[in-house]
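Remarks on the overall topology
Chain by chain, the residues run as shown.
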Amino acid sequence: MIARSALRLPWLILACLLITAGMATGSCLAAEQDSASSLDPESLAASVTIYRDQYGTPHIDGPTDASVVFGFAYCQAEDYFWQLEDSYIMGMGRYAEIYGKPGLNHDMINRAFEIPQRSKEDVAKLAPDMRRLTEAFCAGVNYYLETHPDVKPRMIERFEPWHMLAFGRQVVLEMGWGKVGASRSDIPTAYEQIAASQGSNAWAISPEKTASGNAMLFCNPHQPYYGFGQFYEAHLRSGEGEGWNFTGATFFGSPIPTIGHNGYLGWTFTVNEPRIGNAWRVTFDDAENPLNYRYDDGYRTAEEWTDTIRIKKGSRFEDRQVTFRKTHHGPIVRQLDDTTYLAANIGKLYEAFVSRQSLKMIRARNFEEFYEAMGMLDIHIFNTVYADRDGNIFYLYNGIVPRRDASLNWDQPVDGSDPRADWQGIHSIDDLPQVLNPPSAFIQNCNQSPFTVTDDGSPAINDFPAYMVEEKNDDKSRAKVSRMLLRDMDDVTFDDWQQSAFDTTMYWALMELPRYARRFEELQQRDPDRAAKAEPYFEHLLDWDCVCTLESTQATLCVAWYEELYGDVYRSERLQRKYIEDFDARFDALVTAAGKLEEMFGDWKVAYGDVNRLQRFANVSDFLKIPFDDDAHSLPSAGLNGPMGVVFNMYFTPSVNVPPLRVMKKHYAVVGHSYVATVEFGERVQGGSLLQYGASGDPDSPHFFDQAKLLSERRFKKQLFYWDDVVEGAERVYHPGQAPTVAAAAGAGD
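Residues numbered from 1 in each chain as written. Predicted model: local features only at pLDDT ≥ 70, side-chain atom pairs only at ≥ 80, totals over all residues. Heavy atoms only, no water.

Once that is clear, we can look at the pattern of salt bridges. Scanning the entire structure with this criterion turns up 41 salt bridges. Among the salt bridges present, the one from Glu 121 reaches Arg 118, with a minimum N-O distance of 4.0 Å. Of this pair, Glu 121 and Arg 118 are both found in helix H6 (residues 115-123), three residues apart, which corresponds to roughly one turn of the helix. A relative accessible area of 38% places Glu 121 in the partly exposed class. Taking the shortest distance from any N to any O, the salt bridge between Glu 512 and Arg 515 comes out at 2.6 Å. (Salt bridge = Lys/Arg side-chain N within 4 Å of Asp/Glu carboxyl O. Helix = DSSP H or I, 4+ residues; strand = E, 2+ residues; numbered from the N terminus. Buried < 20%, exposed > 50% of the residue type's maximum accessible area, 1.4 Å probe, protein only.)

A contiguous patch of negative charge on the surface is contributed by Asp 490, Asp 491, Asp 495 and Asp 496. Residue Asp 495 is classed as exposed on the basis of its relative accessible area, which comes to 52%. (Patch = residues over 30% accessible without salt bridge, like charges linked within 9 Å, V, L, I, M, F, W, Y side chains within 5 Å. Areas by Shrake-Rupley, 256 points an atom, 1.4 Å probe, with all protein chains shown as cover. Lys, Arg positive; Asp, Glu negative; His and termini not counted. Charge placed at Lys NZ, Arg CZ, Asp CG, Glu CD.)

For the rest of this paragraph, the subject is the pairing of strand S4 (residues 199-205). Here is the key point about a regular strand: its side chains alternate between the two faces of the sheet. Within S4, seven of the seven residues are buried, leaving the element largely enclosed by the surrounding structure. A two-sided burial pattern is seen for S4, the buried positions comprising Gly 199, Asn 201, Trp 203 and Ile 205 on one face and Ser 200, Ala 202 and Ala 204 on the other. By the bridge criterion, seven bridges tie S4 to strand S5 (residues 215-224) in an arrangement that is antiparallel. Of the residues in S5, the one forming a bridge with Ala 202 is Cys 219. (Pairing = 2+ DSSP bridges.)

To continue, consider the sheet that holds strand S10 (residues 277-283). The strands that make up a sheet are held in pairs by hydrogen bonds between backbone atoms, and each pair lies either parallel or antiparallel. Across the sheet, which stays open at both edges, the four strands sit in the order S15-S16-S10-S19 with mixed pairing between neighbours. For this open sheet the edge positions go to strand S15 (332-335) and strand S19 (414-415), each flanked by a neighbour on one side alone.

Okay, helix H11 (residues 367-374) next. Of all eight residues making up H11, six are buried, and the element is well covered by its neighbours. Those residues of H11 that sit buried are Phe 367, Glu 369, Phe 370, Tyr 371, Ala 373 and Met 374. By the N-cap criterion, in which a side-chain oxygen at the helix start approaches the backbone nitrogen of a residue two or three places on, H11 is capped by Asn 366, the distance to Glu 368 being 3.2 Å. (Polar contact = N/O pair within 3.5 Å; in protein donor to acceptor, adjacent residues only side chain to side chain.)

Further remarks concern the packing of aromatic side chains. Taken as a whole, this structure holds 57 aromatic pairs when the rule is applied. Centre to centre, the rings of Phe 246 and Trp 267 are 5.2 Å apart; their planes meet at 35°, and the pair counts as tilted. Taken together, the residues Phe 246 in strand S7 (residues 244-251) and Trp 267 in strand S9 (residues 265-270) connect sequence positions 21 residues apart. Here Phe 246 and Trp 267 have matching classes, each one buried. Members of the aromatic cluster, each reached through a chain of ring pairs, are Trp 508, Tyr 516, Phe 520, Phe 538, Trp 561, Tyr 562, Tyr 566, Phe 583 and Phe 587. (Phe/Tyr/Trp six-rings, centres within 6.5 Å; stacked < 30°, edge-to-face > 60°.)

The tally for this structure, following the rule as stated, stands at zero disulfides. Of all cysteine sulfurs, the one in Cys 138 lies closest to Cys 75, which takes part in no disulfide; the gap is 16 Å. With a relative accessible area of 0%, Cys 75 lands in the buried category. With no disulfide of its own, Cys 548 has Cys 558 as its nearest cysteine by sulfur position, at a separation of 9.5 Å. According to the relative accessible area criterion, Cys 548 is buried, its value standing at 0%. (Disulfide = S-S within 2.5 Å.)

We now examine the nonpolar core. Ranked by internal contacts, the top residues of the largest apolar core, which has 148 residues, are Phe 113, Phe 159, Trp 267 and Phe 370. It is helix H3 (residues 65-91) that provides the largest number of residues to this core, a total of 16 residues. Other than its neighbours up to four places away in sequence, Phe 159 contacts Phe 81, Leu 84, Glu 85, Tyr 88, Cys 138, Val 141, Asn 142 and Leu 145. Counting residues in hydrophobic clusters, the runner-up holds 86 residues, among them Tyr 226, Ala 479, Trp 544 and Ala 555. (Core = buried A, V, L, I, M, F, W, Y, C linked by side-chain atoms within 4.5 Å. Contact = heavy atoms within 4.5 Å.)

With that out of the way, let us pick up the side chain of Ser 701. Residue position: Ser 701 is located in the loop between strand S29 (686-690) and helix H20 (706-713). Side-chain polar atoms of Ser 701 contact the backbone nitrogen of His 703, separated by 3.0 Å.

So, on to the side chain of Lys 717. As for its position among the elements, Lys 717 is in strand S30 (residues 717-718). For Lys 717, a relative accessible area of 6% puts it in the buried group. Each residue touching Lys 717, except ones within four places of it in the same chain, is listed here: Tyr 55, Thr 57, Glu 233, Gly 687, Gly 688, Ser 689, Leu 690, Gln 707 and Leu 710.

This part takes up the environment of Leu 640. Along the chain, Leu 640 falls in the loop between strand S23 (635-636) and strand S24 (650-652). We classify Leu 640 as buried; its relative accessible area is 0%. Along the primary structure Leu 640 and Leu 541 are separated by 99 residues, whereas in three dimensions their C-alpha atoms are 16 Å apart. Apart from the residues within four sequence positions on either side, Leu 640 is in contact with Thr 504, Met 506, Cys 548, Val 559, Tyr 608, Val 646, Phe 648, Asn 649 and Met 650.

Once that is clear, we can look at the packing of helix H14 (residues 507-526) against helix H16 (residues 553-566). The interhelical angle for the contact between H14 and H16, taken along N-to-C directions, is 75°, at an axis separation of 13 Å. On the basis of the axis angle, H14 is roughly perpendicular to H16. The residues of H16 that touch H14, namely those facing Trp 508, Ala 509, Leu 513 and Tyr 516, are Cys 558, Trp 561, Tyr 562, Leu 565 and Tyr 566. Classifying every residue of the contact of H14 with H16 gives nine nonpolar, no polar and no charged. (Axes fitted to C-alpha atoms, helices over the stretch in contact; angles between N-to-C directions. Parallel < 35°, antiparallel > 145°, perpendicular 65-115°, else oblique. Nonpolar A, V, L, I, M, F, W, Y, C, P; charged D, E, K, R; others polar.)

Before going further, it helps to spend a moment on the environment of Met 92. Tracing the backbone shows Met 92 in the loop between H3 and helix H4 (96-99). Along the backbone, Met 92 and Asn 110 are 18 residues apart, and their C-alpha atoms lie at a distance of 7.7 Å. Those residues within four positions of Met 92 in sequence are excluded, and the remaining contacts are Asn 110, Arg 111, Pro 116, Ile 156, Trp 162 and His 163.

Trans is the common state for peptide bonds, and a negative phi is the common state for residues other than glycine. The phi dihedral of Glu 114 falls on the positive side, at around 55°, and the residue is not glycine. Tracing the backbone shows Glu 114 in the loop between helix H5 (104-112) and H6. Judged by relative accessible area, Glu 114 falls into the buried class, the value being 11%. Even without being a glycine, Phe 382 presents a positive backbone phi close to 105°. Following the sequence through the fold, Phe 382 ends up in the loop between H11 and strand S17 (383-388).

Right, here's the structure in full:
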């Protein structure tokens, strides 16, 4: 269901660039398999040119989609092979072989859903063009290994196309498990705090709000700085067909960028919570056939198999035999009692292929083509925020949402014996919450409800099935501050837009301090001794504009107070119960917060940037093992915890002071502003972007931590989008497998 204002259209609508979707069969498949396997790495390498700019960002130019994907894979491996391999090991269901018990839960959910087996079978069924791209990507990684014999893989000596499918499916399980109606504790796959803080900001404004009369887009994923969710930035240009030119970002191991822009349009994603799957209570009570489970008036028979999971234990390995079982609903993930088990599933887990849709989105040149691409529903989740050169802005609550019987309660596991609990197909894109060109001239989503994306024109909550949107009543503080800022924007320049991407107005302080001031005056009359203890700290907060800077001591104190009041700063916007029941105790919490700061840092007035820092380490994915060090090089950050309601979002480690075991007083960023981009869609698109650390995962590279300085200073690097700018700005130019050479002026079109 789309809420539309007038759709802005060019005079000439370009024909859609159709990409073959679905699976190939029969002799056609056999012929294409022969064609795909005949890819010549040497020829592909010779056809691809890589331009590296001053920040090491790769700009990859090739005559075909396959050649560009080959080059993209080579660059990913060149910049951070360790992470690329790590992600694919997880997708293969062999994480415990590397990480021992901490990797076991990843492998358990992987094997329960038969990810390796199904991926091996399904890659052969891909349509010809998609099969060729999977081959090209793996060929690019393998060519890197062949030309860099000093690089020693931990496990994968040769990458295969099915690895890509497996990784994509594992990402869906990792990110989508909480959306099936079962507890994450059934098969936990991540640290709860890190998982909870994975969000994003996304904004778009219409021409009515800009000085240039052009639409603008703000891309701002908040992904972990370590592990498979890290972003990789690249610029790709293909000469295939009518050609395409796209700059953006994706996870390591993905063959196509998933967010970014071309010369006509762009989009970004934020994490949402559509009910893409669910859980069923399944009863096995047939003593004569233990695999029979109740369904309707009789039984169905489950399938059972045994798999081996290898677990690293010090210098040796343990091979653990695990028995798995699956029903027609999905695999069994937990036993509830003697006869009742929990089955779970996710819609189109095996049928969807993100890169198939991403390529069509990249090729789109207007809203109609983009909307058709989104209608493929190959991407399981994500709010989508879009802007284009024609002045359109658009929001879609994207998700692969199974149709269900609305009479059942899908907020909890349903009775698997009831035929009404079977899915009834998948909702089409037209069924999903969306809005095009709202009267308020802005769109934002910050992981909140789709029903609060703008002031005037948001989708209406009652127009959609109750089971579709899990976060229907969740309006986060980041969304509130975003609406406040966007509402007041007028005559916005691109410089204004870029500055707003790092806004540090603290919504909680802005809204709450005036209310607390009134209650504090009452406390002074009622309990002057209690008020006197809090007075110096509270007066310090009142002498503040509620904006965080590196020098602000009020921001440090305010964050510490919020932590006392709300507890879990990674996700909580609810006061702890003891402070709900006793308002005066909230001022006691301020005293406690100030005392903790003084104990840790020697003074309760501590500059925010002295405490909150950016620091990077390589080749680590376990957040508990990142060796942050107060004595090592780091940079200050003005980023703040999201629940406090701030645009410049960053989550930090807590202080640790347990001598002699560990002393780490400063806080280090682990999640938040990751890939950040701002775009203006004029006749010539202009943009700025950055990665939170840098393009390379090599600590010896000048691009390991160079963009962290940009982030610390809250400024962007200029995007080189048109190819004459790429050539002019290139510092190194080379083909895969060759040593980079100093750039020489060489022609290229746009």
